[in-house]
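# Fold and geometry: a report
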Protein chains: 2
Amino acid sequence: MMRTRPLKVALLGCGVVGSEVTRIMTTHTDDLTQRIGAPVELVGIAVRRPDRVREGVPAELITTDATALVKRDDVDVVVEVIGGIEPARSLITTAFEHGASVVSANKALLAQDGAALHAAAEQHGVDLYYEAAVAGAIPLVRPLRESLAGDKVNRVLGIVNGTTNFILDKMDSSGAGYSEALDEATALGYAEADPTADVEGFDAAAKAAILAGIAFHTRVRLDDVYREGMTEVTAADFASAKQMGCTIKLLAICERAADGRSVTARVHPAMIPLTHPLASVRGAYNAVFIEADAAGQLMFYGPGAGGSPTASAVLGDIVAVCRNKVAEATGPGESAYTRLPVSTMGEVVTRYHISLDVADKPGVLAQVATVFAEHGVSIDTVRQQGKDGEASLVVVTHRAADAALSATVDALRKLDTVRGVASIMRVEGE
Amino acid sequence: MMRTRPLKVALLGCGVVGSEVTRIMTTHTDDLTQRIGAPVELVGIAVRRPDRVREGVPAELITTDATALVKRDDVDVVVEVIGGIEPARSLITTAFEHGASVVSANKALLAQDGAALHAAAEQHGVDLYYEAAVAGAIPLVRPLRESLAGDKVNRVLGIVNGTTNFILDKMDSSGAGYSEALDEATALGYAEADPTADVEGFDAAAKAAILAGIAFHTRVRLDDVYREGMTEVTAADFASAKQMGCTIKLLAICERAADGRSVTARVHPAMIPLTHPLASVRGAYNAVFIEADAAGQLMFYGPGAGGSPTASAVLGDIVAVCRNKVAEATGPGESAYTRLPVSTMGEVVTRYHISLDVADKPGVLAQVATVFAEHGVSIDTVRQQGKDGEASLVVVTHRAADAALSATVDALRKLDTVRGVASIMRVEGE
């Protein structure tokens, strides 16, 4: 029953994830063989620095010639854990041309060139799997494209970046400011020396593009995703959030419009109610909330990054594409048949929490309320606090188009009685 | 590219789940066609009572002859949502013999005869999928057998019965007793007229058997699962739990022994810390916590029952087995190669929370402590409360074998100074 010719796997990259993939493949060979239904063998590991000491990694598998490795016609599966656009893209394409299926953890590449890569995989009759590209070990790609294949997903709302969740959680629990919390994240290894990709939301935006594409069966590119980082979130914002019964999270939000004819994808900090399951996601953990017509509300929670969790997702995909190779079949490819347009941020319908510094004199509230009314934005609650001739006004709106909310804020800034807009934050998850 | 001969699906049963499956299949035909890569058609619905009014169900598809339906050689997929052992088992077996893949939501049947059914499916080269059998719409079967296929699962800890979670949540939040909370669950439709299968843990035990089998790649039958219902949980237990910083949940727990050489599966009420993610699972929701070597801790949360959520899981499986039919392949079958023995409850290592009514006189604590020591059970904390010559003693143990804990309790009952054992509850999730 079991075939005896081993499936051959080539690994591109041997950092924290690649080393762990190597460790599992070389120490759990019997389990993998049973689960695939055929023996599996790691036949080569392409690295840039061959002299680096890599504990547990067989030296005889190391090569610096990644191109030669992916061109080997006996390689069945190429695992790409290099990251970045090039040389990853060329190597994956070459692997397809030589008949190999590919398992990738490369969110940036998938978000940018997913369509072309899927097309190339299909053309060559091989698989492209990438569970590890979104939220580490948390199964999301497979549940979205397989478990929910008979359902209609309307919203994906998630914490998909562990670094920023660690920082925001720290600010929330300790009252620390952004810089202080970032320093702690860096010291503990949760933030990189250059934290830009995380704190400015680029990493989360790539994941949002991938999730939206799969969830809505359409193409969503990185450029389609509205992105706002979380570097300007302050301790005062957390205090405001608490007064609302909320906390602040950096959210990736993919939504189908109410009329079903378009979708949106965005990443920005937002207040969410403390009663929302995402509010209690602590530290560097990730969690994704999915709303579907028939399934209702589902949540998936777990470690969103790290060598071992990411390797777990990579290994799950290796087993799947190896099984497909044994069956001489391929798994589900890109599904983009709905061809729904991606609307801009202005068309997103959401709520705003706005803190204004205003003059403490009669008529200010009336002026402010008029500006909201003129832009068709309905006010939910207003809270006034006076202190020494100055006052603050906290306005929470009802749901309205983001463009109208944004225009309202612009008009407020022009009022003489408004000394400044202290903060603007969207309110989600209600 | 797309094949034109439609895949034919036959449905067995048309209750709440079957009606919803029918509705989705007949109204979302285009989406299903795109996602499968071939047209799909519902060709027959077997019911017992053909005269019952079923809104939106095409009358011309209704038949009372289920056997003739599954014998049709043109049927590609049989969907079984009848429940129970017979006639479901015979119909599924006949479907396999006639070349159809089967999608089932039947936890009782899978827990009892999963091995034989898997063998029959494999023999006939068809699929047996059953995501809907465990925790409704929450993807669990697929993540366990595919996403985590390259990892080693050590524990599955879950709330897999919505009825009992509703009752326990009610008791926790309102201080209600069991009967009162059950009455409310019945009135709201969360509990059936005869709630035995839910409150005595039979439903959860079937799910535990299925989950343990998949998680540990071994066979776990319903008889292997230790089962204790939750009808004896009292308001006093909740008060004790609160003092411990815990709440009480009916848990399904599947564990690999520390030495890796055996597994256990059990269902019983247990205290879990309020800080554990499962503690905040409210109402009739389900959630399952999975611990794996590389992935770490994952949690899956969502509606565990109901027509629509269950239909979502069934439809996901229909799409998957249809895709396999188009590819002329089959998905992963039973994986039971580890052949790990299933240990009895006595070998489970856990903690006890024990409330004793004792005489309020010197030396009682020493007597009680001696009994624990004689059985090799180490005490974590003791709390004494005296009142009018009577006293209560609350003992929380360290981890010990369940057999030793159980023997300790038996010996305590024999002490003259112990007037009664008010409650015994295991403590989990720490």
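Rules used in this analysis
- Residues numbered from 1 in each chain as written.
- Chains lettered and ligands numbered in written order.
- Predicted model: local features only at pLDDT ≥ 70, side-chain atom pairs only at ≥ 80, totals over all residues.
- Heavy atoms only, no water.
- UniProt positions renumbered as here; feature names shortened; annotations may be inferred.
- Least-squares fit on C-alpha atoms with pLDDT ≥ 70 in both.
- Contact = heavy atoms within 4.5 Å.
- Helix = DSSP H or I, 4+ residues; strand = E, 2+ residues; numbered from the N terminus.
- Buried < 20%, exposed > 50% of the residue type's maximum accessible area, 1.4 Å probe, protein only.
- Buried area = accessible area lost by both parts, 1.4 Å probe.
- Salt bridge = Lys/Arg side-chain N within 4 Å of Asp/Glu carboxyl O.
- Polar contact = N/O pair within 3.5 Å; in protein donor to acceptor, adjacent residues only side chain to side chain.
- Nonpolar A, V, L, I, M, F, W, Y, C, P; charged D, E, K, R; others polar.
- Pairing = 2+ DSSP bridges.
- Domains from an automatic or database assignment.
- Phe/Tyr/Trp six-rings, centres within 6.5 Å; stacked < 30°, edge-to-face > 60°.
- Lys NZ or Arg CZ within 6 Å of the ring centre and 35° of its normal.
- Axes fitted to C-alpha atoms, helices over the stretch in contact; angles between N-to-C directions.
- Parallel < 35°, antiparallel > 145°, perpendicular 65-115°, else oblique.
- Left-handed = near helix turned anticlockwise from the far one by under 90°.

- By the naming in an unreviewed UniProt entry, chain A goes by Homoserine dehydrogenase and is assigned to Streptomyces nondiastaticus.
- We quote the UniProt Function (unreviewed entry) comment for chain A here in full: "Catalyzes the conversion of L-aspartate-beta-semialdehyde (L-Asa) to L-homoserine (L-Hse), the third step in the biosynthesis of threonine and methionine from aspartate."

## Observations concerning the relation of the copies chain A and chain B
- Rotating chain A by 180 degrees and translating it 0.0 Å along the rotation axis places it on chain B, where the RMSD comes to 0.0 Å. Taken together, the turn and the small shift mark the pair as related by a two-fold rotation axis. Among all C-alpha atoms of chain A, that of Phe300(A) lies closest to the rotation axis, at 2.4 Å.
- The overlap is high: 100% of the interface residues of chain A also sit at the interface in chain B, so the same surface is used on both sides.

## A look at unusual backbone geometry
- The omega angle of the peptide bond from Glu86(A) to Pro87(A) is 10 degrees, so this bond is cis rather than trans.
- Among the structural elements, Pro87(A) can be located in the loop between strand E4 (77-80) and helix H4 (88-97).
- Backbone geometry places His217(B), a non-glycine residue, at a positive phi of 55 degrees.
- Within the fold, His217(B) resides in the loop between helix H10 (202-216) and strand E8 (226-227).
- Given the relative accessible area of 5%, His217(B) is considered buried.

## Points about the interface of chain A and chain B
- At the junction of the two partners, chain A supplies 42 residues and chain B supplies 42 residues.
- A buried area of about 3,800 Å², summed over both sides, lies between chain A and chain B, and 56% of it is on carbon and sulfur atoms.
- If you sort the residues of chain A by the area they bury against chain B, Arg35(A), Tyr301(A) and Tyr337(A) come out on top, with a joint share of 17%.
- Inspection of the chain A/chain B interface yields two salt bridges.
- For the pair chain A and chain B, the interface holds 16 residue pairs in polar contact (both at pLDDT 80 or more).
- Only helix H2 (29-36), helix H6 (141-147), strand E12 (296-303) and helix H12 (307-326) of chain A provide two or more residues apiece to the side of chain A that touches chain B.
- Split into classes, the residues belonging to the side of chain A that touches chain B amount to 24 nonpolar, nine polar and nine charged.
- Where E12(A) and strand E12 (residues 296-303) of chain B come together, three bridges link them in antiparallel fashion. Paired with Phe300(A) across the two strands is Phe300(B), which belongs to E12(B).

## Quick look at the domain arrangement of chain A
- Segmentation of chain A into domains returns domain 1 (7-136 + 307-326), domain 2 (141-303) and domain 3 (346-427).
- Using only C-alpha atoms to locate each centre, domain 1 of chain A and domain 3 of chain A end up separated by 52 Å.

## Details of the packing of aromatic side chains
- Applying the stated criterion across every chain, the model contains five aromatic pairs over all chains.
- Here the aromatic rings of Phe300(A) and Phe300(B) are separated by 5.8 Å at their centres, their planes lie at 80 degrees, and the arrangement is edge-to-face. Taken together, the residues Phe300(A) in strand E12 and Phe300(B) in strand E12 connect one chain to another. For the pair shown, Phe300(A) and Phe300(B) are each scored as buried.
- Judged by centre distance (5.1 Å) and plane angle (5 degrees), the ring pair of Tyr285(B) and Tyr301(B) falls under stacked. One end of the pair, Tyr285(B), is in strand E11 (residues 285-292); the other, Tyr301(B), is in strand E12, with 16 residues separating them in the sequence.
- A relative accessible area of 26% means that Tyr285(B) is categorised as partly exposed.
- Relative accessible area serves as the criterion here: at 13%, Tyr301(B) is assigned to the buried category.
- Sitting over the ring of Phe202(A), Arg227(A) keeps its end group 3.9 Å from the ring centre.

## What to know about the sheet that holds strand E2 (residues 40-46) of chain B
Residues and elements named next belong to chain B.
- Pairing is parallel in the open sheet, where six strands are placed in the order E3-E2-E1-E4-E5-E6. The open sheet is flanked by strand E3 (62-63) and strand E6 (128-129), the only strands paired with a single partner.
- Of the pairings in the sheet, the one linking strand E5 (residues 101-104) to E6 comprises two bridges and is parallel in character. Across the sheet, Val 102 pairs through a bridge with Leu 128, a residue of E6.

## Observations regarding the sheet that holds strand E5 (residues 101-104) of chain A
All names here are of chain A.
- In spatial order, the strands read E3-E2-E1-E4-E5-E6; together these six strands make up an open sheet with parallel pairing. Lying at the two open borders of the sheet, with one neighbouring strand each, are strand E3 (62-63) and strand E6 (128-129).
- With four bridges connecting them, strand E1 (residues 7-12) and E4 associate as parallel partners. From the neighbouring strand, Val 9 faces E4, where its bridge partner is Val 77.

## Considering the pattern of salt bridges
- Under the defined criterion, the tally for this structure stands at 48 salt bridges over all chains.
- For Arg351(B), the salt bridge identified is with Asp380(B), shortest N-O distance 2.7 Å. Of this pair, Arg351(B) sits in strand E13 (residues 349-359) while Asp380(B) sits in strand E14 (residues 379-387), and the two are 29 residues apart along the sequence.
- Looking at Asp380(B), the relative accessible area reads 34%, which means it is partly exposed.
- What you see here is one network of salt bridges that share partners, running through Glu131(A), Arg142(A), Glu146(A), Asp317(A), Glu131(B), Arg142(B), Glu146(B) and Asp317(B).

## Points about the packing of H2(A) against H12(A)
Residue and element names in this part refer to chain A.
- The contact between H2 and H12 brings their axes to 9 Å, and the two run at 45 degrees. Between H2 and H12, the angle falls in the class oblique. Note that H2 runs across H12; the crossing there is right-handed. Where H2 approaches H12, its residues Leu 32, Arg 35 and Ile 36 are matched on the opposing element by Leu 315, Val 319, Cys 322, Arg 323 and Val 326.
- In the contact of H2 with H12, the residues fall into six nonpolar, no polar and two charged.

## Some thoughts on the environment of Pro50(A)
Residue and element names in this part refer to chain A.
- When you line up the elements, Pro 50 lands in the loop between strand E2 (40-46) and E3.
- In sequence terms Pro 50 and Val 225 are 175 residues apart; their C-alpha atoms lie 38 Å from each other.
- In contact with Pro 50, not counting residues within four places along its chain, are Ile 62 and Thr 64.

## Structural notes on the side chain of Ser262(B)
Residue and element names in this part refer to chain B.
- With respect to the secondary-structure elements, Ser 262 resides in the loop between strand E9 (246-256) and strand E10 (263-273).
- Here Ser 262 falls in the buried class, since its relative accessible area comes to 12%.
- A distance of 3.1 Å separates the side chain of Ser 262 from the side chain of Ser 343, its partner in a polar contact.
- If we ignore the near neighbours within four places in the chain, the residues touching Ser 262 are Glu 255, Arg 256, Ala 257, Leu 340, Pro 341 and Ser 343.

## Describing the environment of Ala121(B)
All names here are of chain B.
- Tracing the chain through its elements places Ala 121 in helix H5 (residues 107-123).
- Considered as a pair, Ala 121 and Ser 101 are 20 residues apart in the sequence and their alpha carbons are 7.5 Å apart.
- Apart from the residues within four sequence positions on either side, Ala 121 is in contact with Phe 96, Val 126, Asp 127 and Leu 128.

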